[in-house]
Amino acid sequence: MKFTTLAMLAGGTVLLGSCATDSRDPTQVRAEALTMMQRDFKSQGIAGMDRLKEDSVLAACNKYDDNPPPELTAKLEKEQFATIQWPADGKLMGDWKAGERIAQNGQGMAWNDKGGVGGSCYNCHQIGPATTSFGTIGTSLHQFGKKRGYGPEIQRYAYGKIYNSKAYNLCSQMPRFGHVKALTEQQMKDLTALLMDPASPVNQ
Amino acid sequence: MRVALVVGLVAAVPWLQAAAQSVDPTAAEFDKFRAVLEKDNPAELFEAKGEHLWRTPGGPKKASLEKCDLGLGPGMVKGAYAQMPRYFADVDRVMDAEARIVHCMISLQGFSYAELAKAPFSNEVRTPDPVSLVAYVAGQSRGEKLAPGRSHPKELAAYNNGKAVFFYRAGSFDFSCASCHGVDNQRIRTQPLPNFTKPDQALAAVQGWPGYRMTGGVVHSLQWRLNDCFRQQRFPRPEYASETLSALMTYLTVNASGQVYKGPGIKR
């Protein structure tokens, strides 16, 4: 009642025009935006509609602007760590030369890709010194082994990070290559060798 | 003619060739290339083609687009692009320029959405009509300040929805738009990534679009750019001219508002 009177007094549309507000709270905005996306997106090639879903990690990262409360972060990181499948043969190091090719390859998982996934590591990281066209979303991995040490724990960290980056840093911008089955065990071993083999150009 | 000239140039000069073909031309090479092109921007050819299409009766209804309402009243083209995306009462939703043009082609000329959405992006042999039309309409806002709609409740909702889409992480690689466009001075390989959350950098999402893209040598619109970024984001495909894309463009354009739009341009 009061509202009607007020609107009539002020001339309705003018009032609306000058002080339009979005009365929805952030959770509601996100929910409605997602509904809109689910309506407006179509599956194409290998990119199905299931890709619009958030798992527990992304639900937390999306909700808290990539900074969830510490307890939740710790709990989810632990869960992610538990998903890592370590090589059955216990060997974490493959062939760094093969690893270099995988790191260079930025293809894979897009709707126009058929199969054959690369690591796209150079898209985000400085790695081997010969490649100067590297991205800067990630930190430099140049001399990774040389700086961190060549021991088994660092090997495990490198392999685990590639397998599931979110096990170590919940809202990392780095993909979870093993977790989403983008890279095979052998590919991840080769990449670990690229970072950790003392003979790899990365460590010169 | 001009396009042929540009192609000739590219073939003749090795660094131009490298710039046009390699995935990562260095910024310096690109700037030289752009300096050559800017005097004779090939996008202008498509503005002229778009103007012809606008005025010529076409489609099943044999009607021109001269009665199309781009927000300033039927037939008013001057300055309209700089004020989009905006709310349109007749469809009760916010539309970006290309979505609006597509709407007019459907309602005035009798085209079907399915037909227009089947192959909506330019390639070496074909530039779809909506792309030329949006180039024409955009050219008519050269020198205008960006003033997208931000007063109607649905315009505000579109901004907030677009923002939510921008920050929504999902897909095989857990990316959102912000993964690549949310921080200053980041690159993928050598390609600089504008931070669209900042007004000065958000201008890159509008300035030069639609644009002649030297990689591929065709004119593309923002619809194409966002489509290709969703591909890189490993998401499924957004429908052409959909509300989600209009909402994203609202977010990007409002962030850039107040700055001067220079018309269709040149992109790497």
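Every chain is numbered on its own, with residues counted from 1 as its sequence reads. Working convention: letters from A go to chains and numbers from 1 go to ligands, in the order in which they are written. The predicted nature of this model means local features are confined to residues of pLDDT at least 70 and side-chain atom pairs, given and counted, to a pLDDT of 80 or more, with totals for whole chains, interfaces and linings taken over all residues. No hydrogens and no water enter the side-chain calculation; it runs on all heavy atoms of the structure.

As for the overall build of chain B
By definition, any uninterrupted DSSP run of H or I lasting at least four residues is a helix, any uninterrupted run of E lasting at least two residues is a strand, and each is numbered from the N terminus. On a plain count of helices and strands, chain B comes out with 12 helices and 10 strands. Residue burial in chain B is summarised as follows: out of 268 residues, 56% are buried. Here, residues are in contact when the closest pair of their heavy atoms is within 4.5 Å. Taking the contacts inside chain B whose residues are at least 6 apart along the sequence as the reference set, 66% of them involve residues at least 24 apart. The method behind every accessible area is Shrake-Rupley, applied with a 1.4 Å probe, and residues are considered shielded solely by the protein chains displayed. Summed over all atoms, the accessible surface of chain B reaches about 10,800 Å², with 57% contributed by carbon and sulfur. Note on exposure labels: buried denotes an accessible area under 20% of the residue type's maximum, exposed denotes more than 50%, and partly exposed covers the range between, all computed with a 1.4 Å probe on protein chains only.

Description of the packing of helix H3 (residues 26-40) of chain A against helix H8 (residues 153-167) of chain B
The N-to-C vectors of H3 of chain A and H8 of chain B enclose an angle of 80°; their axes lie 9 Å apart at closest approach. One way to sum up the angle between H3 of chain A and H8 of chain B is to call them roughly perpendicular. Counted together, Val29, Arg30, Ala33, Met36 and Met37 of chain A of H3 of chain A and Asn160, Asn161, Ala164 and Val165 of chain B of H8 of chain B form the full contact between these two elements. Here the contact of H3 of chain A with H8 of chain B is composed, by residue class, of 6 nonpolar, 2 polar and 1 charged. An axis is simply a line fitted to the C-alpha atoms; with a helix, the fit covers only the stretch in contact. Between two such axes, the angle follows the N-to-C directions and lies from 0 to 180 degrees. With respect to orientation, any angle under 35 degrees is reported as roughly parallel, any angle over 145 as roughly antiparallel, any angle of 65 to 115 as roughly perpendicular, and every other angle as oblique. As a working rule, the residues Ala, Val, Leu, Ile, Met, Phe, Trp, Tyr, Cys and Pro are called nonpolar, Asp, Glu, Lys and Arg charged, and the rest polar, with Gly in that last group.

Some words on the state of the cysteines
By definition, disulfides here are pairs of cysteine sulfur atoms that lie within 2.5 Å. For the structure shown, the criterion picks out 2 disulfides over all chains. Two residues, Cys68 of chain B and Cys104 of chain B, share a disulfide whose sulfurs are 2.0 Å apart. Judged by the sign of its S-S torsion, about 75°, the bond between Cys68 of chain B and Cys104 of chain B is right-handed. Residue Cys68 of chain B is found in the loop between helix H4 (43-55) and strand S1 (86-88), and its partner Cys104 of chain B is found in helix H5 (residues 97-107); the two are separated by 36 residues along the sequence. Assessed through its relative accessible area of 3%, Cys104 of chain B is described here as buried. Free of any disulfide, Cys121 of chain A has its nearest neighbouring cysteine sulfur in Cys124 of chain A, separated by 8.7 Å. Of all cysteine sulfurs in the structure, the one in Cys229 of chain B sits closest to Cys177 of chain B, which takes part in no disulfide; the separation is 7.5 Å.

A look at the pairing of strand S6 (residues 208-213) of chain B
Where burial is concerned, most of S6 of chain B is hidden: 6 out of the 6 residues are buried. One requirement defines pairing of two strands: DSSP has to find at least two bridges between them. If you look at the hairpin formed by S6 of chain B and strand S7 (residues 218-220) of chain B, you'll find 4 residues sitting between the two strands, and Gly216 of chain B has a positive phi there, around 105°.

Digging into the confidence of the model for chain A
Caution is warranted with low-pLDDT regions, since their predicted coordinates should not be read in detail. Across the chain, each position has a pLDDT score giving the predictor's confidence in that residue, from 0 to 100. Looking at chain A, the pLDDT average stands at 91 and 90% of residues meet or exceed 70. Note that pLDDT drops below 50 for residues 1-18 of chain A; the model gives that stretch 5 contacts with residues more than four away or on any other chain.

Details of the pattern of salt bridges
All names here are of chain B. Salt bridge, as used here, is a side-chain nitrogen of Lys or Arg placed within 4 Å of a carboxyl oxygen of Asp or Glu. Enumeration according to the criterion identifies 22 salt bridges over all chains in this entry. The shortest N-O distance in the salt bridge between Asp90 and Arg100 comes to 2.8 Å. In this pair, Asp90 sits in the loop between S1 and strand S2 (93-95) while Arg100 sits in helix H5, placing the two residues 10 residues apart along the sequence. According to the relative accessible area criterion, Asp90 is exposed, its value standing at 55%. The exposure class assigned to Arg100 is buried, which follows from its relative accessible area of 2%.

Regarding the domain arrangement of chain A
All names here are of chain A. Assigned domains within chain A: domain 1 (4-68) and domain 2 (96-203). The split into domains, and so the bounds of each, comes from an automatic or database assignment of domains. For domain 1 and domain 2, the distance between their C-alpha centres works out to 35 Å. At the junction of domain 1 and domain 2, the tally comes to 1 salt bridge. Two residues, Arg176 and Asp55, come together in a salt bridge whose shortest N-O distance is 2.9 Å. Pairing of N or O atoms within 3.5 Å defines a polar contact, subject to two protein rules: one partner must be a possible hydrogen donor and the other a possible acceptor, and residues neighboring in sequence count only if both atoms are side-chain atoms. Linking domain 1 with domain 2 are 3 residue pairs in polar contact (both at pLDDT 80 or more), by the criterion used here.

Here we look at the sheet that holds strand S10 (residues 264-267) of chain B
All names here are of chain B. Here 3 strands make up an open sheet; going across it, the order is S7-S6-S10 and the pairing mixed. Each edge of the open sheet is held by one strand with a lone partner, namely S7 and S10. The average undirected angle you get between the axes of adjacent strands in this sheet is 35°. Packed onto the sheet, H4 meets S6, S7 and S10 and runs at close to 145° relative to S10.

Focus on the interface of chain A and chain B
Listed as interface residues are 55 residues of chain A and, on the opposing side, 41 residues of chain B. What gets called buried area is simply the loss in accessible area from a 1.4 Å probe that two parts show on being joined, summed for both. Counting each side, the surface lost to burial between chain A and chain B is near 4,200 Å², with a carbon and sulfur contribution of 56%. It is Phe41, Trp111 and Ile137 of chain A that lose the most area in chain A upon contact with chain B, and together they represent 16% of the buried surface on that side. Measuring nitrogen to oxygen at the nearest pair gives 3.8 Å for the salt bridge that ties Glu239 of chain B to Lys42 of chain A. Run the count over chain A and chain B and you get 28 residue pairs in polar contact (both at pLDDT 80 or more). Among the elements of the structure, helix H2 (13-18), H3, strand S1 (41-42), helix H4 (56-63) and helix H7 (121-124) of chain A are those that each provide at least two residues to the side of chain A that touches chain B. At 8 residues, H3 of chain A tops the list of elements feeding residues into the side of chain A that touches chain B.

Concerning unusual backbone geometry
Residues Met84 of chain B and Pro85 of chain B are joined by a peptide bond in cis, for which omega reads 0°. Tracing the chain through its elements places Pro85 of chain B in the loop between H4 and S1. Backbone torsion omega between Trp209 of chain B and Pro210 of chain B reads -10°, so that peptide bond is classified as cis. Examined against the element boundaries, Pro210 of chain B turns out to sit in strand S6. Positive phi, close to 50°, is recorded for Ser120 of chain A, a residue that is not glycine. Structurally, Ser120 of chain A is set in the loop between helix H6 (96-104) and H7. Even without glycine at this site, Arg189 of chain B takes up a positive phi of about 50°. Looking at the element boundaries, Arg189 of chain B is found in the loop between strand S4 (186-188) and strand S5 (191-193). Among the residues examined, Arg189 of chain B registers a relative accessible area of 13% and is labelled buried.

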